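Architecture at a glance
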Amino acid sequence: MKNTVKITDGITWVGASDRRLALFENIFPLTDGVAYNAYIVRGEKIALLDTADSSVVHQYLENVESELDGREPDYLIINHMEPDHCSLVADLMARWPKMQAVGTAKVPTLIKQFFGADISDRFTAVTDGDSLDLGGRTLHFVTTPMVHWPEVMVTYDDRTKTLFSADAFGSFGAHHGGIFDVDHFKNPAFEGEARRYYTNIVGKYGPQVLAALKKASALDIEYICPLHGPVWHDKISWTLEKHAAWASYTPETRGALVVYGSMYGNTASVAARVAREIAEKSGCEVKLMDASGTDKSYLVSEAFRLSHIVFAAPTYNMGLYPPVREFIDDLEALWVRGRTAAVIENGSWSPASGKIMREKIAALKDFTLLEPTLTIRGASVDESAINAFCDAVAASLGA
Ligand SMILES: Cc1cc2nc3c(=O)[nH]c(=O)nc-3n(C[C@H](O)[C@H](O)[C@H](O)COP(=O)(O)O)c2cc1C
Ligand SMILES: [Fe+2]
Ligand SMILES: [Fe+2]
């Protein structure tokens, strides 16, 4: 069944949602699917902006065909060559033999690698400052390398002030009653899912995102049309502000994330007590999360949001309990920086997890590491040590 949405003058959404996918990139759990957005822009000529994931091929083609109403697109604009958007590029080039493809110079090599197809005689490489006259409107191209692949560009339609932003400004989550930001904000989980998408998928490339935001700030923007998540219109300032914070690794909220690992519940129990006491002493938000039971993408998302992180973990075979180790490794891989951290260790005969955590945290960029380390021995820990630890974290939070 065709399911297209008019966005604004001459621009139609022709994407589709996948509600069956369990893991995005086969890593990140999806609780509410994901949308693969694509768009048709009509001047005297017709441009199709990006294809879609192979899982939604039928819906995508039905939408595109219904919108074209028998015409052939003149151009396929390829903003991003990741397979969740480019799966149909070679097929569509064969289907519409007069259609020309447009993208950055790296695109033909990637097409050859993925599809074995040579489209170079029907491909125009564009870069910053280049444009394409569709007749009645002009598309302008802006490269955004490493947001989050090297070939990525964004496309700007000057007639409607619409920015087609590739994966930038995307989110997890399928479309429900509507494709616009105001529709998605009706879902209380939306904000968290937008953050989880950015921080895990694009989070490593903060400096490149800031560069892209700077380029975008020169444009007058009324619509942002990403390849995932809602089309931004009423809430553009919200997403721009959030992306400025996320890309610069600036905490959104003064508060503490307490992440613990625990086999038998003793570290968990101390972490819960500490979380409550820090909240009470500081008056700040404290979020308590189990590194074993919670997918890392949620921990990462909260680490971007909050200013402080308390790590609590047992010593495990003279090393660091793996779920907490993996979380710290994720923070390092995503270049998370500038947080204040404190450490709780547990060990029954020779506690070592505190020292290991401190070394790993010291290697993270611009982290401030608080004293003291709180040491638990099995289930034993001094009340005075808990108090001193919580006082130190609360003081750092500004109590
Ligand atoms: C598989 C395993 C390995 C452990 N290795 C160490 C160790 O190397 N050094 C140590 O002091 N304690 C070690 N311990 C003891 C734990 O740190 C202790 O059981 C602690 O209470 C675990 O915290 P939990 O109760 O929150 O699970 C180990 C425990 C287990 C189950
Ligand atoms: Fe991508
Ligand atoms: Fe994508």
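Everything below is about the structure shown above.
An account of the accompanying structure is given in this report.

Reading guide: rules and limits
- Every chain begins its residue count from 1, and numbering advances along the sequence as written.
- Numbering of ligands from 1 and lettering of chains from A proceed in the order in which they are written.
- Given that the model is predicted, a residue must reach a pLDDT of at least 70 before its local features are reported, and side-chain atom pairs must reach 80 or more before they are shown or counted; all residues, however, enter totals for whole chains, interfaces and linings.
- As a rule here, side-chain values cover all heavy atoms of the structure and leave hydrogens and water aside.
- Think of the donor list as every N, O and S atom within 2.8 Å of the metal, or within 3.2 Å for Na, K and Ca; water never makes the list, so a site can look incomplete.
- Angle rules define the geometry names used: all angles between 85 and 135 degrees makes four donors tetrahedral, while opposite donors over 155 degrees apart and all other angles between 65 and 115 make four donors square planar and six octahedral, leaving every other case irregular.
- Each helix is a run of DSSP H or I of at least 4 residues and each strand a run of E of at least 2, with the numbering of both proceeding from the N terminus.
- The pocket and cavity definitions rest on a 1 Å grid over protein atoms only: a 1.4 Å probe that fits but cannot leave marks a cavity, an open set with protein on both sides within 12 Å along at least five of seven lines marks a pocket, and residues lining either have an atom within 4 Å of a point.
- Grid points are joined across faces, edges and corners, and a volume is the space filled by probe spheres set on the points.
- Residue polarity is assigned by list, with Asp, Glu, Lys and Arg as charged and Ala, Val, Leu, Ile, Met, Phe, Trp, Tyr, Cys and Pro as nonpolar; anything else, Gly included, falls into the polar class.
- For every residue, the accessible area obtained with a 1.4 Å probe (protein chains only) is divided by the maximum for its type, and the residue is called buried under 20%, exposed over 50%, and partly exposed between those limits.
- Definition of nonpolar core: a set of buried residues of the types Ala, Val, Leu, Ile, Met, Phe, Trp, Tyr and Cys, connected through side-chain atoms within 4.5 Å.
- Domain start and end points were adopted from an automatic or database domain assignment.
- Between N-to-C directions, angles span 0 to 180 degrees; the directions come from axes that are lines fitted to C-alpha atoms, helices contributing only their stretch in contact.
- Here is the rule for handedness: rotate from the far helix to the near one, and if that takes an anticlockwise turn smaller than a right angle the crossing is left-handed, while a clockwise turn gives right-handed.
- For this analysis, residues touch if any pair of their heavy atoms sits within 4.5 Å.
- When we say a residue is near a molecule or strand, we mean one of its heavy atoms is within 4 Å of it.
- Pairing of N or O atoms within 3.5 Å defines a polar contact, subject to two protein rules: one partner must be a possible hydrogen donor and the other a possible acceptor, and residues neighboring in sequence count only if both atoms are side-chain atoms.
- Using a 1.4 Å probe, the Shrake-Rupley method yields the accessible areas, and only the shown protein chains count as cover for residues.
- Criterion for pocket placement: a molecule counts as inside a cavity or pocket if more than half of its atoms are within 2 Å of its grid points.

The iron ion (ligand 3) binds to the protein through D84 (OD), H85 (NE2), D167 (OD) and H228 (NE2), with metal-donor distances spanning 2.1 to 2.4 Å. Metal-centred angles of 83 to 168° between the four donor atoms at the iron ion (ligand 3) mark the site as irregular. Sequence positions of the residues that donate to the iron ion (ligand 3) give the spacing D-H-x81-D-x60-H. Between the two metal centres, the iron ion (ligand 3) and the iron ion (ligand 2), the spacing is 3.3 Å, with D167 acting as a shared donor. With D84 in helix α2 (residues 83-86) and D167 in the loop between β15 (162-164) and α5 (181-184), this pair connects stretches of sequence that are 83 residues apart.

Taken as a whole, the largest pocket spans an internal volume of roughly 370 Å³. Lining of the largest pocket is provided by 19 residues; of these, M263, T315, G347, S348 and W349 occupy positions nearest its centre. Sorting the residues of the lining of the largest pocket by element identifies α9 (266-282) and β19 (306-316) as the ones contributing at least two each. With three residues, β19 is the single largest residue contributor to the lining of the largest pocket. Among the residues making up the lining of the largest pocket, the classes are represented as eight nonpolar, 11 polar and no charged.

Within the protein, the atoms that donate to the iron ion (ligand 2) are H80 (NE2), E82 (OE), H148 (NE2) and D167 (OD), at distances of 1.8 to 2.2 Å. Angles of 88 to 161° at the metal separate the four donor atoms of the iron ion (ligand 2), which places the site in the irregular class. Summarised as a motif, the one-chain spacing of the donors to the iron ion (ligand 2) is H-x1-E-x65-H-x18-D. A relative accessible area of 0% means that H80 is categorised as buried.

Counting 86 residues, the largest nonpolar core has L48, Y60, F311, F327 and M357 as its most contacted members. The element best represented in this core is helix α6 (residues 190-202), accounting for six residues. Counting contributing residues, this core receives three or more from each of domain 1 (5-247) and domain 2 (256-394).

Here the focus is empty space enclosed by the protein. Applying the stated criterion to the full structure yields two cavities of 30 Å³ or more. One number sums up the size of the largest cavity: a volume of about 150 Å³. Residue lining of the largest cavity: 15 residues in total, with T144, V154, F169, A212 and A216 positioned closest to the centre. For the lining of the largest cavity, the leading source of residues is helix α7 (residues 206-217), giving five residues. Among the residues making up the lining of the largest cavity, the classes are represented as 11 nonpolar, three polar and one charged. In terms of lining residues, the second largest cavity is bounded by D167, A168, F169, G170, Y197, Y198, V202, V209 and H243.

Relative to each other, α7 and helix α8 (residues 236-247) sit at 145°, their axes nearing to 8 Å. Pair α7 / α8 crosses with left-handed handedness. Residues G206, P207, V209, L210 and L213 of α7 form the contact with α8, whose participating residues are L240, H243, A244 and A247. Its residues placed into classes, the contact of α7 with α8 shows seven nonpolar, two polar and no charged.

A separate point is the site of ligand 1. Neighbouring ligand 1 are 18 residues; S262, M263, Y264, T267 and M318 lie closest to it. Between ligand 1 and Y264 there is a distance of 2.6 Å, counted from an oxygen atom to a backbone nitrogen or oxygen. In this structure, T315 approaches ligand 1 through a main-chain N or O atom, which is 3.3 Å from an oxygen atom. For ligand 1, the protein covers 87% of the area, taking 630 Å² as the surface of the free molecule. Taken atom by atom, the bulk of ligand 1 overlaps the largest pocket. Every element with two or more residues in the shell around ligand 1 is listed here: α9 and β19. Of all the elements, β19 adds the most residues to the shell around ligand 1, at three residues. Looking at side-chain class alone, the shell around ligand 1 contains seven nonpolar, 11 polar and no charged residues.

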